[in-house]
Amino acid sequence: MSVADRPGVFNAILAWVYSADGSERAFNLFPSYHCLLSAYCYLGIRKQPEISRGYKVFAVVLNVLIYASTLYTKQHYIIDVFGGVAIAVACYALTERLNPGKKWE
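Nothing here was measured: the structure is a model prediction, and the numbers come from that model. (Residues numbered from 1 in each chain as written. Predicted model: local features only at pLDDT ≥ 70, side-chain atom pairs only at ≥ 80, totals over all residues. Heavy atoms only, no water.)

S.K.: Explanation requested: the overall build of the chain in the structure shown.
M.R.: On a plain count of helices and strands, the chain comes out with four helices and zero strands. Starting at the N terminus and walking to the C terminus, you meet the elements of the chain as α-α-α-α. Going through the 105 residues of the chain one by one, you find that 23% of them count as buried. A separation of at least 24 residues holds for 65% of the contacts in the chain among residues at least 6 apart in sequence. As displayed, the chain offers around 8,100 Å² of accessible surface, 67% of which is attributable to carbon and sulfur atoms. (Helix = DSSP H or I, 4+ residues; strand = E, 2+ residues; numbered from the N terminus. Buried < 20%, exposed > 50% of the residue type's maximum accessible area, 1.4 Å probe, protein only. Contact = heavy atoms within 4.5 Å. Areas by Shrake-Rupley, 256 points an atom, 1.4 Å probe, with all protein chains shown as cover.)

S.K.: In this structure, what is going on with helix 2 (residues 33-45)? I would like to understand it.
M.R.: One turn of an α-helix holds 3.6 residues; hence residues three or four places apart share an orientation. Here helix 2 spans 18 Å end to end across 13 residues, near enough to the 18 Å set by a 1.5 Å rise per residue. Looking only at helix 2, the buried set comprises Cys 35, Leu 36, Ser 38, Ala 39, Leu 43 and Ile 45. Buried positions along helix 2 lie against helix 3 (53-72) and helix 4 (78-98). (Expected span 1.5 Å × (residues − 1).)

S.K.: Even after reading the chapter, I still don't get the side chain of His 76, so can you show me in this structure?
M.R.: Examined against the element boundaries, His 76 turns out to sit in the loop between helix 3 and helix 4. Taking relative accessible area as the criterion, His 76 reaches 11% and is therefore assigned buried. For His 76, the side chain forms a polar contact with the side chain of Asp 80, separated by 3.1 Å. (Polar contact = N/O pair within 3.5 Å; in protein donor to acceptor, adjacent residues only side chain to side chain.)

S.K.: It is not clear to me how the nonpolar core should be interpreted in this structure. Could you clarify?
M.R.: Where a protein is soluble and globular, its nonpolar side chains tend to be buried together. Among the nonpolar cores identified, the biggest contains eight residues, and these are Cys 35, Leu 36, Ala 39, Leu 43, Tyr 67, Val 81, Ala 88 and Tyr 92. Of all the secondary-structure elements, those providing two or more residues to this core are helix 2 and helix 4. With four residues, helix 2 is the single largest residue contributor to this core. With sequence-adjacent residues up to four places away left out, Ala 88 is seen in contact with Leu 36, Ala 39, Tyr 40 and Leu 43. (Core = buried A, V, L, I, M, F, W, Y, C linked by side-chain atoms within 4.5 Å.)

S.K.: I tried to follow the packing of helix 3 against helix 4 on my own but got confused; where do I start?
M.R.: Any two packed helices are characterised by how steeply their axes cross, that is the angle between the axes, and by the distance between the axes. As a packed pair, helix 3 and helix 4 sit with axes 9 Å apart at the nearest point and diverge in direction by 150 degrees. Accordingly, the angle class assigned to the pair helix 3 and helix 4 is roughly antiparallel. You can see that helix 3 and helix 4 cross each other, and the crossing is right-handed. Mapping the contact onto sequence places Tyr 67, Thr 70 and Leu 71 in helix 3 and Ile 78, Val 81 and Val 85 in helix 4. Considered class by class, the residues forming the contact of helix 3 with helix 4 number five nonpolar, one polar and no charged. (Axes fitted to C-alpha atoms, helices over the stretch in contact; angles between N-to-C directions. Parallel < 35°, antiparallel > 145°, perpendicular 65-115°, else oblique. Left-handed = near helix turned anticlockwise from the far one by under 90°. Nonpolar A, V, L, I, M, F, W, Y, C, P; charged D, E, K, R; others polar.)

S.K.: Can you help me understand the packing of helix 2 against helix 3 in this one?
M.R.: Interhelical geometry of helix 2 versus helix 3 gives an angle of 170 degrees and a closest axis separation of 9 Å. Judged by the angle between their axes, helix 2 and helix 3 are roughly antiparallel. For the pair formed by helix 2 and helix 3, the contact residues are His 34, Cys 35, Ser 38, Ala 39, Tyr 42 and Ile 45 on the first element and Tyr 55, Lys 56, Ala 59, Val 60, Asn 63, Ile 66, Tyr 67 and Thr 70 on the second. The residue inventory of the contact of helix 2 with helix 3, partitioned by class, reads nine nonpolar, four polar and one charged.

Here it is in structure tokens:
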């Protein structure tokens, strides 16, 4: 018996997530876009002086919770999380280096 088949409100929600994901034939590809986008959003705010330290801490905690939720709900494997974060970091570093917005200043 899977966790989603057990009684309870949260298990019913998990069953709904699984059914929306394609049920028995569901598969999630590498990388996890939830993790990629949340990591990229954090990278975008982490050096902004107008963003409060409290919000930055909140963003880090939220990122960790998003990473964990993709694993605990069995939507992705750990390599998908690492892959998503690695791609976000690589894209951020590339845009920082190339600085495509500079020509618009």
